[in-house]
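Survey of secondary and tertiary structure
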Amino acid sequence: MKEAIAYLRVSTSEQGRSGLGLAAQRHDIENFGAREGFTIPSWHQDVQTGAGKDALLLRPGLAEALKSARASRCPLIVSRLDRLSRNVHFITGLMEHKVHFIVAALGRDCDDFTLHIYASLAQQERKMISERIKVALAAAKRRGKKFGVQLRSKAWQRRVSALGRAALSKAAMERAEAHRLHIEWAFRQPGANGRPISYRAAADELNERNLESPLGRHWTGHQLRRMARRLGLNHPPGYLKNDVVRARVAAIWKQHPECTANQVIARMGAEHPLGIGRAWVHLKACRMTAANRSPAQKRVGWHVDRWTATRIRICEILKRHPEFIGKQVIERLGPEYSVRLRWVWQVMREYRRGSAKLSPSQRRIRRRHFRSSRSMG
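Residues numbered from 1 in each chain as written. Predicted model: local features only at pLDDT ≥ 70, side-chain atom pairs only at ≥ 80, totals over all residues. Heavy atoms only, no water.

Before going further, it helps to spend a moment on the overall build of the chain. Tallying secondary structure elements over the chain gives 19 helices and 4 strands in all. For the chain, the proportion of its 377 residues judged to be buried stands at 35%. Counting only contacts in the chain whose residues sit at least 6 apart along the sequence, the fraction spanning at least 24 positions is 60%. Carbon and sulfur atoms make up 53% of the accessible area of the chain, which totals about 23800 Å². (Helix = DSSP H or I, 4+ residues; strand = E, 2+ residues; numbered from the N terminus. Buried < 20%, exposed > 50% of the residue type's maximum accessible area, 1.4 Å probe, protein only. Contact = heavy atoms within 4.5 Å. Areas by Shrake-Rupley, 256 points an atom, 1.4 Å probe, with all protein chains shown as cover.)

The following block contains the structure:
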């Protein structure tokens, strides 16, 4: 008698627990072997769907059965063709690679043409079964029926979700710890223009040395940032996002309204690198915002520059105290505004020429104090 390897398969875990489908297939293969003169030294089985082209990855029992059949140079026997697979591409690949398999329901001498037809029928049957199940589930859901974890209590669902998140977090932490030395080495490499190396540049350093990521792929800057945060490595970014830069430049400009782009870069510090172009753009945006909010700036039409905030501040002082002279305005400005008296006089004259309609008493007060300020100067 000739030897053969037997393979059994059922689709769902319920079928696997009941064992009825596996037992029926085993009975068919035993009867076929006794009738055709085959002995079955080993049996292999899977509890997995027959769909998909990657059957060998999803079904270790089938992979082991094919390996044993090749090693023993004996055929592989299944009770029906759909137990082997419901995918035409997979079955055709086995036939093209000269894998000898026998379908008990079709007989020992079944030709390739018949196998192709039955493989197509099995694939179409799988598609029809899937469509019927989807329609039935949709109808049941419309009637309010629940499935799966929805049948469990909310507390059970939250507990399972927490356990799942904890397991994923633990696995991610273990992967990050395995690459800690590589990540720390990449962060120690010099960046451009003496700045700290960016996440993207650090990832390129790892890729140039053929160091694979935890998933066996190339490193990316976003992946390196996530792993560094998980490991507690406070590496300063080599590039700041626009919203972060906008907020930091606005805070610096609010404290030092006369600062230039170079002064903004210096106040950002080495841990927050910023180029001269981006610093100038965001600093100009701060000045334009302040200018658009100032009625006096719009009336006079001053050029927006580093002195814009100072001019707006002087206009606010004059609006509250129209009788002030130049020295009083400088006193009200405070030490954070370093301006000259002649420049303040010029701003006051331009503001008064472009000011809105004034009452006769306000005009007389401003004219009298303006004359006195000129005589004192």
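Once the structure has been displayed, the description carries forward.
Attention now goes to the pairing of strand β1 (residues 2-10). Of all 9 residues that make up β1, 7 are buried, and the element is covered over most of its length. Here 8 bridges tie β1 to strand β2 (residues 38-47), and the two strands are oriented parallel to one another. Along β2, the bridge assignment pairs Leu-8 with Gln-45. Across 2 bridges, β1 lies against strand β3 (residues 76-78) in parallel orientation. Note that in β3 the partner of Ala-6 across the bridge is Ile-77. (Pairing = 2+ DSSP bridges.)

Adjacent strands of a sheet pair through backbone hydrogen bonds, lying either parallel or antiparallel. As summarised here, the arrangement of the 4 strands in space is β2-β1-β3-β4, forming an open sheet in which the pairing is parallel. At either end of the open sheet lies a strand with only one pairing partner, and these are β2 and β4 (101-103). Taken over all neighbouring pairs, the strand axes of this sheet differ in orientation by 30° on average, direction set aside. (Axes fitted to C-alpha atoms, helices over the stretch in contact; angles between N-to-C directions.)

Right, let's talk about helix α16 (residues 308-320) for a bit. Between its first and last C-alpha atoms α16 spans 19 Å; for 13 residues at 1.5 Å apiece the expected length is 18 Å, and the two agree. All of the buried residues in α16 are Thr-308, Ala-309, Thr-310, Arg-311, Ile-312, Ile-314, Cys-315, Ile-317 and Leu-318. (Expected span 1.5 Å × (residues − 1).)

So, on to helix α6 (residues 88-96). Note: α-helices contain 3.6 residues per turn, so residues at a spacing of three or four share the same orientation. For α6, the full list of buried residues reads Phe-90, Ile-91, Thr-92, Gly-93, Leu-94 and Met-95. Buried residues along α6 sit against α3 (55-58), α4 (60-72), α5 (81-84), β4 and α7 (112-142). The opening residue of α6, the one whose side-chain oxygen lies 3.0 Å from the backbone nitrogen of His-89, is Asn-87. Backbone geometry just downstream of α6 places Lys-98 in the positive-phi region, at approximately 60°. (Polar contact = N/O pair within 3.5 Å; in protein donor to acceptor, adjacent residues only side chain to side chain.)

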